[in-house]
Amino acid sequence: MSQSTYTRRRFLKTGSTVTGGLLLSFFIPASAKRLGEKAGSNSTFVPNAYLNITPDNNVKIMLAHVEMGQGVWTTLPMLIAEELDCDWNKVIVEHAGPGEPYKHTAYGLQITGGSTSTWSEFDRYRQAGATAKAMLLEAAAKQFNVPVSSCRAEKGFVIAGDKRASYGELAEAAGKLTVPTNVTLKDKKDWLLLGKPTKRLDAKAKSNGAAQFGMDVHFPGMLIAVVAHAPVFGATPQSFDATAAKAITGVRDVVKIPTGVAVIADHFWAAKKGRDALKITWNMGPGENFSTASQFDSYRKLAETKGTPAAQAGNVTDALAKTTKQIKAEYIFPYLAHAPMEPLNCTVKVSGNSCEIWTGTQMPGVDQATAASILGLKPEQVKLNILFLGGGFGRRATPTSDFVSEAVQVAKASGKFIKLVWSREDDIRGGYYRPAFLHAVQIGIGENGLPAAWKHTLVGQSIVAGTPFQGMIKNGIDPTSAEGVMDSPYLESIPDHAIELHSPKAPPTVLWWRSVGHTHTAFVMETLIDELATAAGKDPVAYRRDLLKSKRHLGVLELVADKSGWNKPLPAGRFRGIAVHESFGSYVSQVAEISLDNGHLKVHRVVCAIDCGLAVNPEGVRAQMESGIIYGLTAVLYGEISLNNGRVQQRNFHDYKILRMNETPQIEVYIADSTEKMGGAGEPGVPPLAPAIANALFAATGKRVRKLPLQAADLMKA
Amino acid sequence: MASYKLSINGGSYAVEADPKMPLLWVLRDLLNLTGTKYGCGMAQCGACTVHLNGNAIRSCSMPISAVGNQKITTIEGISSDNSHVVQQAWIAEQVPQCGYCQTGQIMSAVALLKRNANPTDRDIDMAMQGNICRCGTYPRIRKAIHKAAAMMKQPPAKSF
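Nothing here was measured: the structure is a model prediction, and the numbers come from that model. By convention here, each chain's residues receive numbers from 1 onward along its written sequence. Chain A is the first chain written and ligand 1 is the first ligand written, with later ones labelled in order. Note on the predicted model: pLDDT of at least 70 is required for a residue's local features to be given, and 80 or more for side-chain atom pairs to be given and counted; whole-chain, interface and lining totals, by contrast, use all residues.

Residues and elements named next belong to chain A. Each axis is a line fitted through C-alpha atoms, and for a helix only the stretch in contact is used; angles between axes span 0 to 180 degrees, taken between their N-to-C directions. Helix and strand labels come from DSSP, where a helix needs a run of H or I of at least four residues and a strand needs a run of E of at least two; each type is numbered from the N terminus. In contact at an axis separation of 9 Å, helix α14 (residues 518-535) and helix α15 (residues 540-547) are set at 105° when each is read in the N-to-C sense. Here α15 runs roughly perpendicular to α14, going by the angle between their axes. Two secondary-structure elements touch here, α14 through I529, D530, L532 and A533 and α15 through P540, Y543 and R544. All amino acids are sorted into three groups, where Ala, Val, Leu, Ile, Met, Phe, Trp, Tyr, Cys and Pro are nonpolar, Asp, Glu, Lys and Arg are charged, and the leftover types, Gly among them, are polar. Each residue belonging to the contact of α14 with α15 can be placed in one class, and the counts come to five nonpolar, no polar and two charged. Any angle from 65 to 115 degrees is called roughly perpendicular, while one under 35 is roughly parallel, one over 145 is roughly antiparallel, and all others are oblique. Throughout, a pair of residues is in contact if the C-beta atoms placed from their backbones lie within 7 Å.

And the structure:
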């Protein structure tokens, strides 16, 4: 059988049964392990909620985290397989539905985000594999009539002298044993898989069209819903005329829901045509008066007032007054849409006292609870099936469950089995953006050329305020707004500093966008450090060496300087810039090499060094660095959502541009050999890219970039 | 509504559809051939790429009435067992991340290699810049296309 999970046929035939079994497994003690009965066999070995072994030797691994490109479909199974000593080719992977055993070990909620999946599961998944192996060894010892100590496990077999039994043969007997509570994990020197470049288990299904995304869910009798969303944030539908929409062949129903008016049809094309034909009167509300141009004016005024302290030392006002040389800078960052390639979608079937949902989500538990509350059901009455996510980047982790809620509302209002499909326009205009930010910074330079005083005010919407994640706000500071500045490693070398935050409200909804606050804070810090180095007449690498005390920052800085040939001259017309930044527990430094031709920027090469501690799958870390660099480059060159009179000005990929093949630089990734604490990989590749580009541009033009995305003037010499 | 007979992946399919209905939605919603993806609906991203008589086209912007008797090939017609050299190169170079755009990428790459067995980086830029990948798998796509071109020159061998 294919290692992929949801080939269509399997999905349609067994999807609900398998999920039913999984759901059951949450509520029974692991030792009862009767998941197999539900799946049609009582000889399946279910040592815990994370894996089971069937008599045909297949090892099925249930993921507490979801696959959205970042590679957990491979990395988490590696953790189990390492300790289980199973045959890697017999591993089958599935997303677990919502359930207690799958809650995040650090967050306490079932969530994929924050670049945490691998390190947060490092012990739990290895433990799950080791526990299963211990039971298989014990079962084999009994069968062979030898002591356990004379048995060893290898590639899915237990071997003792000339005796040999496959895991499948031992499954039933192992299932009757008591689950051990105390197992020893392998020593690092004995690892066969961990730390070795390992190929993705989902690559085959993603190369032949078999991989099933939420968008691909299809059932007989299922209809397609498209929603006419409010033209401005906060508006609600007042009344509508669906006469023309209902006249379109294939349109089955039109219903009002809290977020708009839904057209339900036989297929997307009819639903979209129906939507185009709707006449809707909206209660616009104050959102109509909002424009991003004036937003930054008000942010600028706010930045001049006292904010909430996020970090403070000494007396920055006095210290600034004592310095003769100063840098004053204001930075502006726009709203950004995540724009995952798979537009948002969610399939919902409500029948009597139960509901079944199919979608790609980073927050299954929250979505399940939200769906239940809309329908007046208990969470366990809502079965949620997770499919591959066609990109996430944070957009599929909405504390408000926006697209799942909307689909449930459509199903509830219409009484129909529907798949809600967002168009690309819905996605680009649908909010949940990286918040727009303004930074106002004043730096006093000491006699030694190093920063002596640093006053830094950030202004931007809080992502977590008013959501179930509000508890993250401590002393008035949403860390997702100021991370990367308030905890900057440079601050410990600056005796007098004051970091302040304003978190104003604004109509557009906001959300974590791949690398969150670091998307703007790394840019401000790393371009200012570059500017300080220039002011001091020092090389940017040498200057950072003088300021940084953290050996992991320094380690990747030296590694990237070495690999990029920082000290070697570049060909005429080529320029480079460097940046180093820690985010999500990983330290990343990048050097960008660029040229400018008549106002046209070409990024030739990006060299990247990362210290993420142990790289469980170095191949995966490498891929995530490449991915983060390209994601970051899109934001530098093009990323901007602007609003005028409350209306989003962009709508699709022609005016919300994404980097393309012909604009992609050569990328080299170096992974530091590190035994330090593990960090993440999905996000940390993004933050250093933009400042590295901006610093290279300064080398080329003599001008500092204060606003993203890049403007035409940034690409001309001063 | 009108009746159409389509030739898809060597098979014949009869559908009833609005003449303006894009081929993408005929494939996905009427025929349940979901390997072809919806990404933008306006020929900007290439996720919906299929072949018409061997040429890569954006099925989201091709009305069914314009297809006529041209032969349609979708990712399902390239091979379901990943035996096509381009699919093999994609797996060898570990191209896919989220994977959503990859079927469209593969369709564009197959069409490129059909007319140019030895593409340069510039040829790849030209042929592939219509396909967006938000995960940024472009460097691996480039490598995979070069690899597929090299593999096409070798006698068939199971390399993985």
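On to the packing of helix α3 (residues 72-84) of chain A against helix α4 (residues 117-144) of chain A, then. Residues and elements named next belong to chain A. Running from amino to carboxyl end, α3 crosses α4 at an angle of 35°, the nearest separation of the two axes being 7 Å. At the point where α3 passes α4, the crossing takes the right-handed sense. Where α3 approaches α4, its residues V72, T75, L76, L79, I80, A81, E82, E83 and L84 are matched on the opposing element by S117, T118, E121, F122, Y125, R126, A128, G129, A130, A132 and K133. In terms of residue class, the contact of α3 with α4 is built from eleven nonpolar, four polar and five charged. We call a crossing left-handed when the near helix sits turned anticlockwise from the far one by less than a right angle, and right-handed when that turn is clockwise.

Cis geometry is adopted by the peptide bond preceding P709 of chain A, which originates at L708 of chain A and carries an omega value of -5°. Within the secondary structure, P709 of chain A sits in the segment after α18 (689-701). We note that N145 of chain A has phi near 60°; this positive angle belongs to a residue other than glycine. Accessibility expressed as a C-beta count within 10 Å gives 8 for N145 of chain A, which makes it exposed. Positive phi, normally seen in glycine, also occurs at A43 of chain B, with a value near 60°. Positionally, A43 of chain B belongs in the loop between α1 (23-30) and β3 (49-52). Overall, A43 of chain B belongs to the partly exposed group, with 18 C-beta atoms counted inside 10 Å. Partly exposed residues are those whose C-beta has more than 12 but fewer than 20 other C-beta atoms within 10 Å; with 20 or more the residue is buried, with 12 or fewer it is exposed, and the C-beta atoms are placed from the backbone.

This part is about helix α17 (residues 618-637) of chain A. A helix is expected to span 1.5 Å for every residue after the first. Taking 1.5 Å per residue as the helical rise, α17 of chain A with its 20 residues ought to reach 28 Å, and the 29 Å between its terminal C-alpha atoms agrees with that figure. A large share of α17 of chain A lies buried, amounting to 17 of its 20 residues.

Residues and elements named next belong to chain A. As for its placement among the helices and strands, G685 is situated in the loop between β27 (666-671) and α18. Separated by 273 residues in the primary sequence, G685 and K412 have C-alpha atoms spaced 42 Å apart. Setting aside anything within four residues of it in sequence, one finds G685 in contact with V588, C608, Q624, M625, S627, G628 and I629.

UniProt positions are given in the numbering used here, feature names are shortened, and annotations may be inferred rather than shown by experiment. Following the UniProt record, the feature "domain: Aldehyde oxidase/xanthine dehydrogenase a/b hammerhead" (unreviewed entry) maps to residues 208-286 of chain A here. In residues 208-286 of chain A, helix accounts for 18% and strand for 39%; the two terminal C-alpha atoms are 48 Å from one another.

Facing the 47 residues of chain B at the interface are 48 residues of chain A. Elements with a contribution of two residues or more to the side of chain B that touches chain A: α1, α2 (75-78), α3 (85-92), α4 (102-115), α5 (121-128) and α6 (138-153) of chain B.

Sheet strands pair by backbone hydrogen bonding; their relative direction is either parallel or antiparallel. All names here are of chain B. Spatial strand order, β2-β1-β5-β3-β4: five strands in an open sheet with mixed pairing. Lying at the two open borders of the sheet, with one neighbouring strand each, are β2 (11-17) and β4 (55-58). Neighbour to neighbour, the strand axes of the sheet diverge by 40° on average, direction disregarded. Together, β3 and β4 form the strand contacts of α4, whose direction differs from that of β3 by roughly 35°. The pairing criterion for strands is at least two bridges between them, as found by DSSP.

Residue and element names in this part refer to chain A. Segment limits for the domains were obtained from an automatic or database-derived domain assignment. Taken domain by domain, chain A comprises domain 1 (8-190), domain 2 (218-285 + 339-429) and domain 3 (306-335 + 433-715). One C-alpha centre belongs to domain 1, the other to domain 3, and the line joining them spans 41 Å. In this complex, domain 1 contributes 13 residues to the contact, which on the side of domain 3 involves 14 residues. Within the residue set of the side of domain 1 that touches domain 3, elements represented by two or more residues are α3 and α4.

All names here are of chain A. In terms of burial, strand β19 (residues 437-445) is largely enclosed, as seven of its nine residues are buried. In this sheet, β19 lies alongside strand β14 (residues 325-333) in antiparallel orientation, the contact comprising nine bridges. Looking at β19, one finds that E330 is bridged to A440. Pairing of β19 with strand β20 (residues 451-460), which is carried by nine bridges, proceeds in the antiparallel orientation. Within β20, the residue paired with G444 across the bridge is A453.

Turning our eyes to something else, we now look at the environment of K206 of chain A. Along the chain, K206 of chain A turns up in the loop between α5 (167-174) and β8 (223-229). Once residues lying within four places of it in the same chain are set aside, the contact partners of K206 of chain A are A211 of chain A together with P96, G99 and Q102 of chain B.

As a further point, take the pairing of strand β22 (residues 575-583) of chain A. All names here are of chain A. Counting buried residues in β22 gives eight out of nine residues, a clear majority hidden from the surface. Where β22 and strand β23 (residues 586-597) come together, nine bridges link them in antiparallel fashion. Within β23, the position partnered with V580 by the bridge is S589. Here β22 folds back onto β23 in antiparallel fashion, the turn holding two residues, of which F584 has a positive phi close to 55°.

A separate point is the sheet that holds β8 of chain A. Residue and element names in this part refer to chain A. Sheet architecture is open: seven strands sit in the order β10-β11-β8-β18-β15-β16-β17, paired in mixed fashion. Either end of the sheet is taken by a strand with one partner, and the two such strands are β10 (251-257) and β17 (382-386). Each strand axis lies, on average, 20° off the axis of its neighbour in the sheet, ignoring direction. By the bridge criterion, six bridges tie β8 to strand β11 (residues 260-265) in an arrangement that is antiparallel. Residue pairing in the sheet places A225 in a bridge with I264 of β11. Packed on one face of the sheet, helix α7 (residues 268-277) meets β8, β10, β11 and β18 (418-421) and runs near 25° to β8.

Before going further, it helps to examine the environment of I578 of chain A. Residue and element names in this part refer to chain A. The residue I578 is located in strand β22 in this model. By C-beta crowding, I578 is classed as buried, having 27 other C-beta atoms within 10 Å. For the pair I578 and F653, spaced 75 residues apart in sequence, the C-alpha to C-alpha distance is 30 Å.

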